[in-house]
Amino acid sequence: MNNWAEGIGSAIRYIEDNLAGELDIADIAAQAYVSAFHFQRIFSVLCGMTVGEYIRARRLTLAAQELSRGDIRVIDAAVKYGYDSPDSFARAFTRFHGITPSAAKEKGAVLKSYAPLKIRLTLEGGSMMDYRIVEKAQFTVMGVSRKFNSETSYQEIPKFWEEHFRNGGGEKVKGMFGVCIDSKDNGSAMEFDYLIADVYDPCAEIPGGCVTRVIPAGTWAIFPCSVKTLQDVNTKIWSEWLPNCKDYKLAGNYNIEMYTEMCDDPAKQYCEIWIPVVKAE
């Protein structure tokens with residue numbers, strides 16, 4: 001993607017043009033010239049919401065406008081804007097607008113409106129980011145894996161870590177890595193595997209319930225941080241470093257968090273974020 005804002009803007013225009021039709025995350029991401037895996041992260045950081053949340057907000061906005069004008073029946077609005085049944089549409093509509101679709105047809109009904117997003121990247125004062133570019137050979141990780149959805153992963157992955165250590169999982173997998181890998185398109189959302197993992201020791205037996213995954217050889221942009229600053233650094237990677245990086249572009253459908261030994265003070269526990277990259281053409 002040569003122009004970060006232009007690429008995301010193209011993806012948003014594609015969404016807007018197809019709100020009354022099928023929308024697949026792979027097709028949306030293609031408008032920004034990045035993989036669906038990376039597009040989800042970019043969109044969430046820049047727009048403050050997931051792709052699925054944006055699509056739902058826009059569809060429910062348009063549905064309400066049509067219902068209030070009397071242009072469409074409730075059942076037709078449900079079908080037009082991608083809901084499996086009038087009941088599922090009614091539940092989503094009521095959560096968003098605070099009234100039922102039938103009530104929206106009444107004169108004077110108060111409705112919510114979510115306007116189309118417009119992406120503008122502005123220079124507001126730079127912030128210093130430490131990073132290094134590292135070539136790594138192929139390596140294998142071993143750990144416990146669970147599938148997550150891009151819509152809920154930010155909330156559910158911390159619970160996965162908590163559950164792992166609460167149930168004694170730290171005795172077999174200490175958690176040197178948090179690995180997001182292998183995206184799978186699922187309409188406007190994306191499923192991926194997340195591993196709490198260590199470096200695989202081929203001489204040791206793989207504990208029950210654990211799996212191994214191979215991380216390909218390649219180039220990584222590595223950003224140091226602490227557990228306390230990890231989310232802030234992650235946001236800056238996607239909103240500041242990558243949009244302004246002319247030498248490298250995103251590669252493979254995975255990224256890694258590397259953690260040092262646990263410590264009581266999150267500000268003192270060193271960790272890193274690894275992003276796969278390749279030289280820009």
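The sections below set out a description of the structure shown in this document. Along each chain, the written sequence defines residue order, and numbers are assigned to residues from 1. Where local features are concerned, this predicted model is filtered to residues with pLDDT of at least 70; where side-chain atom pairs are given and counted, the filter is 80 or more; whole-chain, interface and lining totals use all residues. As a rule here, side-chain values come from all non-hydrogen atoms in the structure, and water together with hydrogens is ignored.

Here we look at helix α4 (residues 51-69)
And then number 1: Strands here mean DSSP runs of E at least two residues long; helices mean DSSP runs of H or I at least four residues long; both are numbered from the N terminus. Helices are assigned an expected span. That span is 1.5 Å times one less than the residue count. With 19 residues, α4 extends 28 Å from end C-alpha to end C-alpha; this agrees with the ideal 27 Å at 1.5 Å per step.
And then number 2: One or two steps after α4, the chain reaches Gly70, where phi turns positive at roughly 75°.

Some details on helix α3 (residues 36-47)
And then number 1: The first and last C-alpha atoms of α3 sit 16 Å apart over 12 residues, in line with the 16 Å expected at 1.5 Å per residue.
And then number 2: Counting buried residues in α3 gives 10 out of 12 residues, a clear majority hidden from the surface.
And then number 3: A 1.4 Å probe rolled over the protein chains alone gives each residue an accessible area, and that area as a share of the maximum for its type sets the label: buried under 20%, exposed over 50%, partly exposed in between. Among the residues making up α3, those that are buried are Ala36, Phe37, His38, Phe39, Gln40, Arg41, Ile42, Phe43, Val45 and Cys47.
And then number 4: Positive backbone phi, approximately 75°, marks Gly48, located one or two places after α3.

Some details on the side chain of Glu272
And then number 1: When you line up the elements, Glu272 lands in strand β9 (residues 270-279).
And then number 2: Polar contacts involving the side chain of Glu272 include one to the side chain of Arg132, which spans 3.0 Å.
And then number 3: The contact criterion used is simple: two residues touch if any of their non-hydrogen atoms lie within 4.5 Å. When neighbours within four sequence positions are excluded, Glu272 is seen to be in contact with Arg132, Ile222, Phe223, Pro224, Cys225, Ile256, Glu257 and Met258. Whenever two N or O atoms come within 3.5 Å, that pair is a polar contact, provided that in protein one can donate a hydrogen and the other can accept it, and provided that, for residues adjacent in sequence, both atoms are side-chain atoms.

Let's talk about the pattern of salt bridges
And then number 1: Here a salt bridge means any side-chain nitrogen of Lys or Arg lying within 4 Å of a carboxyl oxygen belonging to Asp or Glu. The tally for this structure, following the rule as stated, stands at 12 salt bridges.
And then number 2: Across the salt bridge formed by Glu66 and Lys80, the nearest N and O atoms sit 2.8 Å from each other. Residue Glu66 is located in helix α4, and its partner Lys80 is located in helix α5 (residues 74-80); the two are separated by 14 residues in the primary sequence.
And then number 3: Residue Glu66 is classed as buried on the basis of its relative accessible area of 11%.
And then number 4: The closest approach of N and O atoms between Asp193 and Arg213, which form a salt bridge, is 3.2 Å. With Asp193 in strand β4 (residues 189-199) and Arg213 in strand β5 (residues 211-215), this residue pair connects regions lying 20 residues apart in the sequence.
And then number 5: By relative accessible area, Asp193 is classed as buried at 13%.

Considerations on the packing of aromatic side chains
The description of an aromatic ring pair rests on the distance of the ring centres and on the angle between the ring planes.
And then number 1: Any two of the Phe, Tyr and Trp rings considered here, Trp counted by its six-membered ring, make a pair once their centres fall within 6.5 Å; the pair's planes then place it as stacked at under 30 degrees, edge-to-face at over 60, or tilted in between. Evaluation of the coordinates by the stated rule reveals 20 aromatic pairs.
And then number 2: Centre to centre, the rings of Tyr131 and Trp241 are 5.0 Å apart; their planes meet at 65°, and the pair counts as edge-to-face. Of the two residues, Tyr131 sits in the loop between α7 (101-104) and β1 (132-136) while Trp241 sits in helix α9 (residues 230-244), which places them 110 residues apart along the sequence.
And then number 3: Judged by its relative accessible area of 9%, Trp241 is buried.
And then number 4: Ring pairs connect the aromatic residues Phe37, Phe148, Phe160, Phe192 and Tyr194, which therefore count as one cluster.

Considerations on the nonpolar core
And then number 1: Only buried residues count toward a nonpolar core. Its members are Ala, Val, Leu, Ile, Met, Phe, Trp, Tyr and Cys residues joined through side-chain atoms within 4.5 Å. Counting residues in hydrophobic clusters, the biggest one holds 56 residues, and the most contacted among them are Phe39, Tyr194 and Ile237.
And then number 2: Looking at which element gives the most residues to this core, the answer is α3, with seven residues.

Overview of the environment of Ile12
And then number 1: With respect to the element layout, Ile12 can be found in helix α1 (residues 4-17).
And then number 2: Considered as a pair, Ile12 and Ile119 are 107 residues apart in the sequence and their alpha carbons are 8.8 Å apart.

Details of unusual backbone geometry
Excluding glycine, residues mostly carry a negative phi; peptide bonds, for their part, are mostly trans.
And then number 1: Not every positive phi belongs to a glycine, and Tyr33 is a case in point at roughly 60°.
And then number 2: You can see Tyr33 is positioned in the loop between α2 (25-30) and α3.

A look at the packing of α1 against α3
And then number 1: Two elements in contact, α1 and α3, have axes separated by 12 Å at closest approach and are oriented at 100°. Put simply, α1 runs roughly perpendicular to α3. Facing Trp4, Ile8, Ala11 and Ile12 of α1, the residues of α3 in contact are Phe39, Ile42, Phe43 and Leu46.
And then number 2: Side-chain classes are defined by residue name, with Ala, Val, Leu, Ile, Met, Phe, Trp, Tyr, Cys and Pro counting as nonpolar, Asp, Glu, Lys and Arg as charged, and the others, Gly among them, as polar. Among the residues making up the contact of α1 with α3, the classes are represented as eight nonpolar, no polar and no charged. Note on method: axes are straight lines fitted to C-alpha atoms, helices fitted across the in-contact stretch only, with angles between N-to-C directions ranging 0 to 180 degrees. For classification, angles of less than 35 degrees are called roughly parallel, those exceeding 145 degrees roughly antiparallel, those between 65 and 115 degrees roughly perpendicular, and all remaining angles oblique.

Notes on the environment of Arg95
And then number 1: Along the chain, Arg95 falls in helix α6 (residues 86-97).
And then number 2: You can call Arg95 exposed: its relative accessible area is 68%.
And then number 3: In this structure, the C-alpha to C-alpha distance between Arg95 and Gly52, residues 43 residues apart in sequence, is 15 Å.

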